[in-house]
Amino acid sequence: MTEDIKVDKVVDLKGMPCPMPIVKVSKGIKDVEVGQVIEAITTDPGALADFPAWAKTSGNEILKTDQQEGLIKFYIERKA
Amino acid sequence: MFSGDLDKALASLIIATGAAAMGMDVVMFFTFWGTPILRDKGKKVGGKDFMGKMFGTMLPKGVCEVKLSKMNMAGMGTVMMKSLMKKKNVASLEQMLELAAEMDVRIYICEMSMDLMGFKREEMIEYPNLTFCGVAKFLEEAQNSKVQLFI
């Protein structure tokens, strides 16, 4: 459940198409410290494939992915 | 970036900014038809010869005048595509260039293309990380990189 993940910052990416979600999330994650978590909310279905690829390459970790009513939420821990 | 087409320029800028977002070090090298994309529409320079003036008039003056490679239909297709991009929230070339600058994407411009088409340094856009150079500078970067794309 999401309750057990403490979110330090929410990054709203709703309505943004490629490449903005990963561009904005890469900026957003720099606003928190290593070990802190951001919640990225997107409406881009491509993000389901893109976010894991971005996280792997940039060295961050997706703790959890939530999907509901056209919204996709990623809980990402800053690792690098 | 060899091409001067809107669609291809958009693709290369999306890849460049995406790569920067993934933490990669990015260089874009603009040559031949790609060179006029980086002209500043607000700048005027004099002292060009006849051919330089002709190229200057016939080639796009910056990102705003770049056309689609397909379905341009005398400019109508490009206008439609631009309005569709706006409607769908897809960033324009202008916004993508700004974003690239913000993300420390470096831009190299081919000096030989500039000279061939009669472009002067003073008529190119203000960009924080701009280098005028030749093929060796491009190859030096290409040799040390994992991904090289010719668009």
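We now turn to the structure provided with this report. Since the structure is predicted, the reported quantities are computational estimates derived from the model, not experimental observations.

By size, the foremost hydrophobic cluster in this structure holds 54 residues, and its most contacted members are Phe51 and Ile76 of chain A. By residue number, the principal contributor to this core is helix H1 (residues 6-21) of chain B, which donates eight residues.

All names here are of chain B. An order of E1-E2-E3 is seen for the three strands of this open sheet, with the pairing classed as parallel. The strands lining the two open edges of the sheet, one partner per strand, are strand E1 (27-30) and strand E3 (130-133). Direction aside, neighbouring strands of the sheet carry axes that sit 25° apart on average.

Our focus in this paragraph is the pairing of strand E2 (residues 37-42) of chain A. All names here are of chain A. Across the six residues that make up E2, a large majority, six, are buried. Both faces of E2 are covered, namely the face carrying Val37, Glu39 and Ile41 and the face carrying Ile38, Ala40 and Thr42. By the bridge criterion, five bridges tie strand E1 (residues 9-13) to E2 in an arrangement that is parallel. Among the inter-strand pairings, Val11 is bridged to a residue of E2, identified as Ala40. Taking the sense of rotation as the criterion, the β-α-β connection linking E1, helix H1 (residues 20-28) and E2 turns out right-handed. By the bridge criterion, six bridges tie E2 to strand E4 (residues 71-77) in an arrangement that is antiparallel. If you follow Ile41 over to E4, its bridge partner there is Lys73.

Reading the values: the criteria
Residues numbered from 1 in each chain as written. Chains lettered and ligands numbered in written order. Predicted model: local features only at pLDDT ≥ 70, side-chain atom pairs only at ≥ 80, totals over all residues. Heavy atoms only, no water. Core = buried A, V, L, I, M, F, W, Y, C linked by side-chain atoms within 4.5 Å. Buried < 20%, exposed > 50% of the residue type's maximum accessible area, 1.4 Å probe, protein only. Helix = DSSP H or I, 4+ residues; strand = E, 2+ residues; numbered from the N terminus. Pairing = 2+ DSSP bridges. Axes fitted to C-alpha atoms, helices over the stretch in contact; angles between N-to-C directions. Right-handed = clockwise from strand over helix to strand, strands pointing away.

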